[in-house]
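These are the residues of each chain, in order.
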Amino acid sequence: MIRSRFCACLLSCLPFVAGAQAREMQSIPATDILHCAETELERHSAGQEGLEWSPAEQVESSNVPAGRYALQAGVLQGRWPRARVGIPVHVSVDGIAVQSRVVWFSVKQWRQGWVYARSARPGDVMAPDLVRVERMDVIGADVPDPDQQAWMADHRLHRSVRAGQLVLRSDIEPIPAVSRNEEVALDVHAGAVRLLTKAVAYRDGEVDEMIDVRPEGVSGVVKARVVGKGEVQIGD
């Protein structure tokens, strides 16, 4: 009987205890948390052109114990800028750490960049009419300098591209001394005899490489050494 009365008394006190605990908590506004995280982004973005960001998900307020609270942003880790980034926010109350959370942002970087004016195939030579300049999001992309066209000289595509697609440095490669299916000048030496003719290269080749070629008027394939731009040689 005594135990029953004790339990009943304890249960009757629970609402009071819960209420006391609730009054000892406080809410940190979501705007304060967001501002703390954005301050870290701004610090890392100083001097970088065209960056903009927005929360990738809704930022909620934080419930922490009552007292004097402080917010401290953690250091941005990894490559920057990038399309998605999380900033840690550490919460302390009266100097004691009570909570850590991450605020996620979607990031864009707007600036002038090259895009393809038309679709093209691997092996197509880079040319001014293949690309155009537009203002676009280039976040995290390794792109050529929009103020220079010199990067196109003596380069070709090594993969298919579509009109409107951003031009990446990885799309292009230097044109070799001899390209596959290219008509080349063939210089044949056999003792005192020397023959100049044409041939078709069966693969790419740089100077001093041996490649397969098919001489003009011949059905078979022979080995020839690349000696210059569009030039191959058989013999010494």
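Use the structure listed above.
Analysis parameters
Residues numbered from 1 in each chain as written. Predicted model: local features only at pLDDT ≥ 70, side-chain atom pairs only at ≥ 80, totals over all residues. Heavy atoms only, no water. Helix = DSSP H or I, 4+ residues; strand = E, 2+ residues; numbered from the N terminus. Expected span 1.5 Å × (residues − 1). Buried < 20%, exposed > 50% of the residue type's maximum accessible area, 1.4 Å probe, protein only. Contact = heavy atoms within 4.5 Å. Salt bridge = Lys/Arg side-chain N within 4 Å of Asp/Glu carboxyl O. Polar contact = N/O pair within 3.5 Å; in protein donor to acceptor, adjacent residues only side chain to side chain. Core = buried A, V, L, I, M, F, W, Y, C linked by side-chain atoms within 4.5 Å.

A.B. asks: Looking at this model, I keep getting lost on helix α2 (residues 30-45). Mind explaining?
C.D. replies: The periodicity of an α-helix, 3.6 residues per turn, causes residues three or four places apart in sequence to face the same way. Taking 1.5 Å as the rise per residue, α2 with 16 residues should run 22 Å; its terminal C-alpha atoms sit 22 Å apart, in good agreement. For α2, the full list of buried residues reads Ile33, Cys36, Ala37, Glu40, Leu41 and Ser45. Looking at the buried side of α2, the elements it contacts are β1 (25-28), β2 (51-55), β3 (62-65), β4 (69-73), β5 (84-93) and β6 (96-116). A positive backbone phi angle near 85° is found at Gly47, which sits one or two residues after α2.

A.B. asks: Looking at this model, I keep getting lost on the pattern of salt bridges. Mind explaining?
C.D. replies: Pairing is possible between side chains that carry opposite charge, provided their charged atoms lie close to one another. Applying the stated criterion across every chain, the model contains 13 salt bridges. Note that Arg225 is salt-bridged to Asp208, the shortest N-O span being 3.1 Å. Of the two residues, Arg225 is situated in strand β13 (residues 222-228) and Asp208 in the loop between β11 (193-201) and β12 (210-215); the sequence distance between them amounts to 17 residues. Among the charged side chains, a network of salt bridges with common partners joins Arg156, Glu173 and Asp204.

A.B. asks: Whenever I open this one, the environment of Gly220 confuses me. Can you help?
C.D. replies: Within the secondary structure, Gly220 sits in the loop between β12 and β13. Sequence-distant contacts of Gly220, that is, excluding residues within four places in its chain, are made with Val213, Arg214 and Pro215.

A.B. asks: Can you help me understand the side chain of Ser179 in this one?
C.D. replies: Its location among the elements puts Ser179 in the loop between β9 (172-174) and β10 (183-190). A polar contact of 3.4 Å, which involves the side chain of Ser179, links it to the side chain of Arg156. Not counting residues up to four positions away in its chain, the partners in contact with Ser179 are Arg156, Ala201, Arg203 and Asp204.

A.B. asks: I would appreciate a short explanation of the nonpolar core in the present structure.
C.D. replies: Most often, soluble globular proteins keep nonpolar side chains buried together rather than apart. With 20 residues, the main nonpolar core has Leu41, Trp80, Val85, Ile87, Val103, Phe105 and Val107 as its most contacted residues. Top contributing element to this core by residue count: β5, with five residues. Ignoring any residue separated from it by four or fewer positions in sequence, one finds Trp80 in contact with Leu41, His44, Ser45, Gln48, Leu51, Val85 and Val107. Membership of the second largest hydrophobic core comes to twelve residues, among which are Trp114, Leu157, Val167 and Ile172.

Honestly, it's all geometry; don't read function into it.
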